[in-house]
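Residue-level structure breakdown
Here's the letter readout for the chains.
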Amino acid sequence: MSSILAQDVIAPEIAWSLLAPFAILAIAGVLLVTVTSVYPRLRGGSFPAAFTGTVAAVALATLVPIWERVNGPEGAQLVVANALAVDEYTVFITAVICIAVFFAAMLLDEYLRRENLDGPEWYVLLLMSAAGGILLASAEDLIVTFLGLEILSIAAYVMAALHLRRLDSQEAGFKYFLLGALASAMLLYGIAMVYGATGFTSLRGIAAAASLTNDAGLSPATDSSLMLAGMALIMIGFAFKVSAVPFHAWTPDVYQGSPTPVVAFMASGVKVAGFAGMVRVFWIGFGPYLNDWRPLIAGLAVLTLVLGSLLALAQTNVKRMLAYSSITHAGFILVAVHAGSSASGSLLGGEAFLFYLLAYTLMVAGTFGVVTVVGGRGDGNHDLSDYVGLSRRSPLLAGMMSILLFAQAGVPFTSGFFAKLRVILAAADDESYVLAGVAMLSAVVAAVLYLRIVVSMFLVDPAAATEDADAAEESVDVDVVVAGDGVLAVPTTAMVAVALATAATLVLGLLPNLGGGVLTDAAETLSSLR
Amino acid sequence: MSPLLFAVEAGAASPSFPVLPSLIAIPVITALVLLMMPASRADYLKLTALVGSTITGVISVYMLLQFETGDAGLQFVTRADWLPSVGLSWFLAVDGISLFLVVLTGILFPIALLTTEPHHDAKPYYIWIMLLMAGSMGAFVALDLLLFFFFFEVVLVPMYFLIGGWGHEGRVYAAMKFFLYTMAASALMLVGIASVVFLSADATGGPTFDVTELASAQALSDTAALLVFLSFALAFTLKTPAFPLHTWLPDAHTEAPTAGSVILAGVMLKLGTYGFIRFGVYLFPSVVEDLAPIFLTLGVVGIVYGAAVATMQSDLKRLVAYSSVAHMGFIVLGIFALNTQGLQGAVLQMVNHGISTGALFILVGWVYERRHTRQIAALGGLQKAAPLMAGVFTLVMLSSIGLPGLNGFVGEFLILIGTFSAARWYAVVAATGVILAALYLLWAYQRSFHGPAEGDNASMRDLRLSEFLGISPLLFLIVFLGVYPKPVLERIEPAVDELVTHVEANVDGFEEPEPIPVARAGTEELIHEAEKAHEEAKKKEEEKKKAAEEATASEEGADE
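Residues numbered from 1 in each chain as written. Chains lettered and ligands numbered in written order. Predicted model: local features only at pLDDT ≥ 70, side-chain atom pairs only at ≥ 80, totals over all residues.

Quick notes on the overall build of chain B
Tallying secondary structure elements over chain B gives 22 helices and 2 strands in all. Against the 2.2 N^0.38 benchmark of 24 Å for 560 residues, chain B shows a C-alpha radius of gyration of 24 Å, consistent with a compact globule. Counting only C-alpha atoms, chain B reaches 100 × 60 × 45 Å along its principal axes. Across the 560 residues in chain B, those meeting the buried criterion constitute 57%. Put simply, 80% of the contacts in chain B that link residues at least 6 apart link residues at least 24 apart. (Helix = DSSP H or I, 4+ residues; strand = E, 2+ residues; numbered from the N terminus. Rg over C-alpha atoms; globule rule 2.2 N^0.38 Å. Buried ≥ 20, exposed ≤ 12 C-beta atoms within 10 Å, placed from the backbone. Contact = placed C-beta atoms within 7 Å.)

Description of the overall build of chain A
On a plain count of helices and strands, chain A comes out with 21 helices and 2 strands. For 530 residues, the compact-globule estimate of 2.2 N^0.38 gives 24 Å, and the C-alpha radius of gyration of chain A, at 23 Å, lies within 12% of that figure. Seen along its three principal axes, the alpha-carbon backbone of chain A occupies a region of about 80 × 60 × 40 Å. Per-residue burial over chain A gives 60% buried out of 530 residues. Long-range pairs, those at least 24 residues apart, make up 78% of the contacts in chain A between residues at least 6 apart in sequence.

A short note on the interface of chain A and chain B
Contacts between the two partners involve 25 residues from chain A, matched on the other side by 24 residues from chain B. At 13 residues, the largest contribution of residues to the side of chain A that touches chain B is made by helix α18 (residues 433-459) of chain A.

Describing the packing of helix α17 (residues 387-401) of chain B against helix α20 (residues 465-483) of chain B
In a pair of packed helices, the angle between the axes and the distance between the axes together describe the arrangement. All names here are of chain B. It is at 11 Å that the axes of α17 and α20 come closest, and there the two elements cross at 30°. The angle between the axes of α17 and α20 places the two elements in the roughly parallel class. Here α17 runs over α20; the crossing is left-handed. Within the contact between the two elements, α17 uses Leu388, Val392, Leu395, Val396 and Ser399 and α20 uses Phe468, Ile471, Leu475 and Ile478. In terms of residue class, the contact of α17 with α20 is built from 8 nonpolar, 1 polar and no charged. (Axes fitted to C-alpha atoms, helices over the stretch in contact; angles between N-to-C directions. Parallel < 35°, antiparallel > 145°, perpendicular 65-115°, else oblique. Left-handed = near helix turned anticlockwise from the far one by under 90°. Nonpolar A, V, L, I, M, F, W, Y, C, P; charged D, E, K, R; others polar.)

A word on the confidence of the model for chain A
Per-residue confidence for chain A averages 86 on the pLDDT scale, and 91% of its residues sit at or above 70. Counting contacts from residues 472-484 of chain A, a segment whose pLDDT is below 50, to residues more than four positions away or on other chains yields 21 contacts. (pLDDT = per-residue confidence, 0-100.)

Topic: the nonpolar core
Ranked by internal contacts, the top residues of the largest apolar core, which has 425 residues, are A:Phe103, A:Leu126, A:Ala336, A:Tyr356, A:Val423, A:Ile424 and A:Ala439. Top contributing element to this core by residue count: helix α4 (residues 88-114) of chain A, with 20 residues. (Core = buried A, V, L, I, M, F, W, Y, C linked by C-beta atoms within 7 Å.)

Thoughts on the pairing of strand β1 (residues 75-83) of chain B
Looking along a regular strand, one sees side chains alternate from face to face of the sheet. With 6 bridges connecting them, β1(B) and strand β2 (residues 88-94) of chain B associate as antiparallel partners. What sits directly across from B:Arg79, in β2(B), is B:Phe91. (Pairing = 2+ DSSP bridges.)

So, the environment of B:Leu477
All names here are of chain B. Note on placement: Leu477 falls in helix α20. Here Leu477 falls in the buried class, since 21 other C-beta atoms lie within 10 Å of it. Between the alpha carbons of Leu477 and Phe67 there is a distance of 19 Å; along the sequence they are 410 residues apart. Setting aside residues up to four positions removed in sequence, Leu477 forms contacts with Ile355 and Asn407.

What to know about helix α13 (residues 285-312) of chain B
Along an α-helix, residues three or four apart share an orientation, since each turn contains 3.6 residues. Helix length check: α13(B), at 28 residues, gives a terminal C-alpha distance of 38 Å against a target of 40 Å (1.5 Å per residue), a fit within 8%. Its axis deflected by about 55° at B:Leu291, α13(B) carries its strongest bend there, up to four residues before the proline B:Pro293. (Expected span 1.5 Å × (residues − 1). Bend = angle between axes of the 7 residues up to and from the residue.)

Thoughts on the confidence of the model for chain B
Residues and elements named next belong to chain B. Of the residues in chain B, 92% have a pLDDT of 70 or more, and the chain-wide mean is 86. Note on residues 1-12: pLDDT is under 50 here. Beyond four places in sequence and across chains, it has 23 contacts. Complex prediction metrics read pTM 0.88 and ipTM 0.84.

Quick look at the pairing of β2(B)
Extensive coverage of β2(B) is indicated by the burial of 7 of its 7 residues. Of the two faces of β2(B), the one holding B:Leu88, B:Trp90, B:Leu92 and B:Val94 and the one holding B:Ser89, B:Phe91 and B:Ala93 are both buried throughout.

Focus: helix α14 (residues 316-336) of chain B
Residue and element names in this part refer to chain B. When the terminal C-alpha atoms of α14 are compared, their 31 Å separation across 21 residues agrees well with the 30 Å that a helix rising 1.5 Å per residue should span. Most of α14 sits out of view: 21 of its 21 residues are buried. Of the residues flanking the end of α14, it is Leu338, one or two places downstream, whose phi is positive at about 55°.

Looking at the environment of B:Arg464
Residues and elements named next belong to chain B. By secondary structure assignment, the location of Arg464 is in the loop between α19 (424-449) and α20. We classify Arg464 as exposed; it has 11 C-beta atoms within 10 Å. Residues Arg464 and Met389, spaced 75 residues apart in sequence, show a C-alpha to C-alpha distance of 9.4 Å.

Considerations on the packing of helix α13 (residues 318-340) of chain A against helix α17 (residues 415-429) of chain A
Residue and element names in this part refer to chain A. Interaxial distance between α13 and α17 falls to 9 Å at its minimum, and their mutual angle equals 35°. Every pair of crossing elements has a handedness; the one defined by α13 and α17 is left-handed. For the pair formed by α13 and α17, the contact residues are Phe332, Val335, Ala336, Ala339 and Gly340 on the first element and Lys420, Val423, Ala426 and Ala427 on the second. A per-class count over the contact of α13 with α17 returns 7 nonpolar, 1 polar and 1 charged.

Examining unusual backbone geometry
Cis peptide bonds are those with omega within 30 degrees of zero, and the linkage from B:Thr240 to B:Pro241 qualifies with -15°. Here B:Pro241 lies in the loop between α10 (222-239) and α11 (248-255). A cis geometry characterises the amide bond from B:Phe243 onward to B:Pro244, with omega recorded as 0°. Structurally, the position occupied by B:Pro244 is in the loop between α10 and α11. Of note, A:Glu431 is a non-glycine position whose phi angle comes to about 65°, a positive value. Within the secondary structure layout, A:Glu431 lies in the loop between α17 and α18. The phi dihedral of B:Leu338 is positive, around 55°, even though this residue is not glycine. Position of B:Leu338 relative to the elements: it lies in the loop between α14 and α15 (340-371). Residue class for B:Leu338 comes out buried when judged on the 26 C-beta atoms lying within 10 Å of it.

So, the environment of B:Phe476
Residue and element names in this part refer to chain B. With respect to the element layout, Phe476 can be found in helix α20. Phe476 sits in the exposed class, given 11 other C-beta atoms within 10 Å. For the pair formed by Phe476 and Leu360, sequence separation is 116 residues and the distance between their alpha carbons is 14 Å.

Here you go:
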């Protein structure tokens, strides 16, 4: 399929085989919308979800030969007029994004049926968003970075607002769009300034410009105020996307209002792509200006960690709690970014960064999977009290949820612990002890919120809690299954998705060296380009 | 299980199967088996848990028998890479310091399972206990700094659920407090671990978490060592718990179910003091030497404060909990005396405290089960209705007080002499703790077991035979270790000696003070030893004479 298109439509120097994952996702999106409009009976049912899941798996599979190529003698490839890089790093991030798509598709299936929202649009947007994410992660040119970011985000804005009957969802979509657009504008302005300072939009050009000199013996980039302002604006743009404090304010509202499976993708896929783009732009393009932007990252990390974990304490809505938890995780990832960008060239930071993204994606996908199920018809049961007695209504689900939550808290023998451990090790290697200390302490504060959910699920007596709830709440949703001894019906696909995420979390916690070479190679690509 | 975990290197004592990995693996496997079993048959679940923990206990005793007594080094060494890129490995071993803690864990768990029953949800209860056993075992046998931290942290989860799920009225609060306090205190320890590893990386040739390598490298500057030690000390002080970080303990102990209290007191508190010895004194000898007065003070304050507060308690379980604070103060004192006697006493006292406080918690649990109250005021005259229980209680209580002839005495005595030769006045103040212990325990005993029995107290059921048999191993150990502690002490001593030598070698101007010449408790032994020494001296003299005679004879011969 792709080869026909390649011959007929697009110029031959585009290396389709290397761009296969991106192409597969994008073309599958178009195909899905076409096929379902030709055969309307395919619109409902499980076809779109199965299709999307398969596409994600196929895209994942194409990564294997690509990895072999870029990891072999050919090495990293710059394709499409040097605008995209296909290297180990791209492959790794693409894999993580595909995993996120896979989980989101599995969660969406039953969710849409439950909410009477069946249709292929969700999956088309999901595929498009993921394709944008891949573009963002592999962009070697700021224009392409922007393009990727927009494709990624616009699809996500729409998905956030796609629960047509819920006002919350509309509000979330609108908020997400407005703030996201602001962030994009800043990013674009930053790109313009960097171009003004250096005369390049390509990352390697920008990096090289730092060492160029003109007739007067000055580097064009010595107009550093322009360059600094540009980098700062670009950083703000990315900080919005990865919800780093103080650019996080949209996160709790959007997470709370958006359809839960979409949140699963926003928290995993979108965030991963945002971080991936940020790291590529800063490590490669702005590598020579390391000393200027590195302190900013450290500052962002501290703010994100401290505020993210503290603000979570005041929440009682599980989706909002998890939104703050994802902010705290972003803080940890920023610590890894900080450590990985040290001048020493140690690979620990890069490895920590990549491992964290993978572990985090699996944990967060599983956690929001459980939230999707508990949310119930109307997607409204997200209060802590809705989790009371979950251990009786569905012991398996509650058990897996607690594993996922403890993993997020960083309990040993889970991937979450190794993710945090790698970050702390990298920070210690870099001698950023204060940063490491702040990170660990905020992990403890963040643990409170995970424990509160676990307490609700296991330790609160359902009978006592319902009495309290009846007394306190006046308006009770009719559709809501009241916390009690009834068995919670868990859809199979959701259960499988959560089980897969839990299993992966445990496996990565017991065999943390699994695919260790992949991590090292991917981290190496990044640092070798600096 | 990965075969990697079982790759065994030849150690000093290397039996035909991987002893230490199996100590961790068998409880985990038991937990998995329990997970597969139907929840409705509580009796089968209990039996399975009991079998799994007993097998583990038997293996730990087997290990004790195979242990080379005079060897100060690590034994049963097992090594397997885990995350080689950062130098993390499954490095398991025991020496004289950890040996008896492992055995204690192996004995206490089956007893705790045997003597107590969960009142609901038996399946998860037993699963958590088995996971707790695996974690505790792991923490005592891990010689990889990070692996220790793993187990140190992971035991929080089962304990959290045990307290929160099967505890008393304030259980959720107590569980949360327990988890967060401990996690908060050990959060910085991870940063400390990472720092010490990378700061010593040059000296050890690449990052490694191997404690022995880190200890011999001693590569940290004074300030760095101080900061890292403090990050460790915070975690261990809280876990021990030493004054002033003890506030979580009364809550956790009081609210926990009986088995939880037994394990918490018997095994988990030892993680703190064991950590101080293994990862504090061993890794940072000079800092420990500098800061010893501070910790000696904390120890003494803990002893007096714990005892004073225990006296005031109206709740029997809370009283025992505060007595733990006092007892753990003794152990801290022994550790920071930094000499062979003190450390030896501290290690022994860890075991003793596990036995006697564990037994006390079991007894208090039985009283609560029968009377549904722990308030001392509501009890009284129990002795008439339950003479056997009163007898058992008396023995255990006397052991906890430290009556000569029972186990508690030996440990406390060694600690006090050790402290006396290192820091005289601390020992003097600490000795009052022994008197206070007699005060609060005897007083509590008197109020609850003596006097006229009224109402339900008069009809309280005595111990069943099965209950008595369940606790009897502990009673046996209380008497045995009090009368004949030699087999234990002679296994602890070489390792402790080596540790003190390590401290002497790495701290300028530190020398172990001349020990007060009482190496063993019991006058008979002393006399025996003196006689032996006398005989040996005689023999030596005779030999010398003989040698001299021979020499003169041969000289004469040569002359001729």
